[in-house]
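Letter by letter, the chains look like this.
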Amino acid sequence: MALNDKSRNEAVLKAITANRLRDGEVIFLAPGPGLGWVERLDDAALFEDAAAAETALAAAKTKAEGEQFAVDVYAFDLRVVDGQRVPVKTRERIRALGPTVRIDLGKQAAA
């Protein structure tokens, strides 16, 4: 069964991602009021409510781009499946884990 199949019971959540300017690293918005960033999807803030995600996205985008810390700030869909955070789209899965050609590189190697 496909992960984006609407018949699944797992709720679709939102997370916010960007690319850090100094090294291009994929980063995710951290939980909490400080609008900080983390490098692992497992540590990212999750939003059940679309309005809350949009509010956080606007604030994160303004701060990250204003401070020239990160670019391409956007929200994406994910599900929690068997306790694991799984992005709905393949693009986000690759961004969360690292290169697909060698699993000994990127964030997937650290796990």
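For the structure, see preceding data.
Quantities reported herein were computed from a predicted structural model and do not represent experimental measurements.

What counts, and where the lines are drawn
- Residues numbered from 1 in each chain as written.
- Predicted model: local features only at pLDDT ≥ 70, side-chain atom pairs only at ≥ 80, totals over all residues.
- Heavy atoms only, no water.
- Pairing = 2+ DSSP bridges.
- Helix = DSSP H or I, 4+ residues; strand = E, 2+ residues; numbered from the N terminus.
- Core = buried A, V, L, I, M, F, W, Y, C linked by side-chain atoms within 4.5 Å.
- Buried < 20%, exposed > 50% of the residue type's maximum accessible area, 1.4 Å probe, protein only.
- Contact = heavy atoms within 4.5 Å.
- Polar contact = N/O pair within 3.5 Å; in protein donor to acceptor, adjacent residues only side chain to side chain.
- Axes fitted to C-alpha atoms, helices over the stretch in contact; angles between N-to-C directions.
- 1 Å grid on protein atoms, 1.4 Å probe; cavity = no way out; pocket = protein on both sides within 12 Å on 5 of 7 lines; lining within 4 Å.
- Points joined across faces, edges and corners; volume = space filled by probe spheres on them.
- Nonpolar A, V, L, I, M, F, W, Y, C, P; charged D, E, K, R; others polar.

Caption draft 1: Quick peek at the pairing of strand S2 (residues 26-29). Bridge analysis of strand S1 (residues 13-20) against S2 gives three bridges, and the strand direction is antiparallel. Following the sheet pairing, Asn 19 is matched in S2 by Val 26. Linking S1 to S2, which pair antiparallel, is a turn of five residues; within it Gly 24 sits at a positive phi near 80°. Pairing between S2 and strand S3 (residues 37-38): two bridges, direction antiparallel. Looking across to S3, one finds that Leu 29 is bridged to Trp 37.

Caption draft 2: The arrangement of the nonpolar core in detail. One finds Ile 16, Ala 18, Leu 29, Trp 37, Phe 47 and Val 73 to be the most contacted residues of the largest nonpolar core, which totals 14 residues. Among the elements that take part in this core, helix H1 (residues 50-66) stands out by supplying five residues, more than any other. Once residues within four sequence positions are removed from consideration, Leu 29 is found in contact with Ile 16, Leu 35, Gly 36, Trp 37, Ala 44, Ala 45, Phe 47, Ala 56 and Ala 60. If you look at the next biggest cluster of nonpolar residues, it comprises 12 residues, including Ala 15, Val 26, Ala 30 and Leu 78.

Caption draft 3: Seen up close, the side chain of Thr 17. Looking at where Thr 17 falls in the secondary structure, it is placed in strand S1. A distance of 2.9 Å separates the side chain of Thr 17 from the backbone oxygen of Ile 27, its partner in a polar contact. Apart from residues lying up to four places away in sequence, Thr 17 is in contact with Val 26, Ile 27, Phe 28, Trp 37, Asp 72, Val 73, Tyr 74, Phe 76, Glu 92 and Arg 95.

Caption draft 4: Structural view of the sheet that holds strand S4 (residues 70-81). Strand order in the open sheet made by the five strands is S3-S2-S1-S4-S5, with antiparallel pairing throughout. Both outer strands of the open sheet, S3 and strand S5 (84-87), are each paired with one neighbouring strand and no more. Seen against the sheet, H1 touches S1, S2, S3 and S4 and runs at an angle of roughly 150° to S4. Packed on one face of the sheet, helix H2 (residues 90-97) meets S1, S2, S4 and S5 and runs near 105° to S4.

Caption draft 5: Expanded view of the layout of surface pockets. Considered as a void within the structure, the largest pocket measures approximately 250 Å³ in volume. Surrounding the largest pocket, 14 residues form its lining, Leu 41, Asp 42, Arg 85, Ala 96 and Leu 97 being those nearest its centre. At the level of secondary structure, the elements contributing two or more residues to the lining of the largest pocket comprise S5, H2 and helix H3 (107-110). For the lining of the largest pocket, the leading source of residues is S5, giving four residues. Across the lining of the largest pocket, the residue classes tally to six nonpolar, two polar and six charged.

Caption draft 6: Local environment of the environment of Leu 105. Looking at where Leu 105 falls in the secondary structure, it is placed in the loop between H2 and H3. Once residues within four sequence positions are removed from consideration, Leu 105 is found in contact with Leu 97 and Pro 99.

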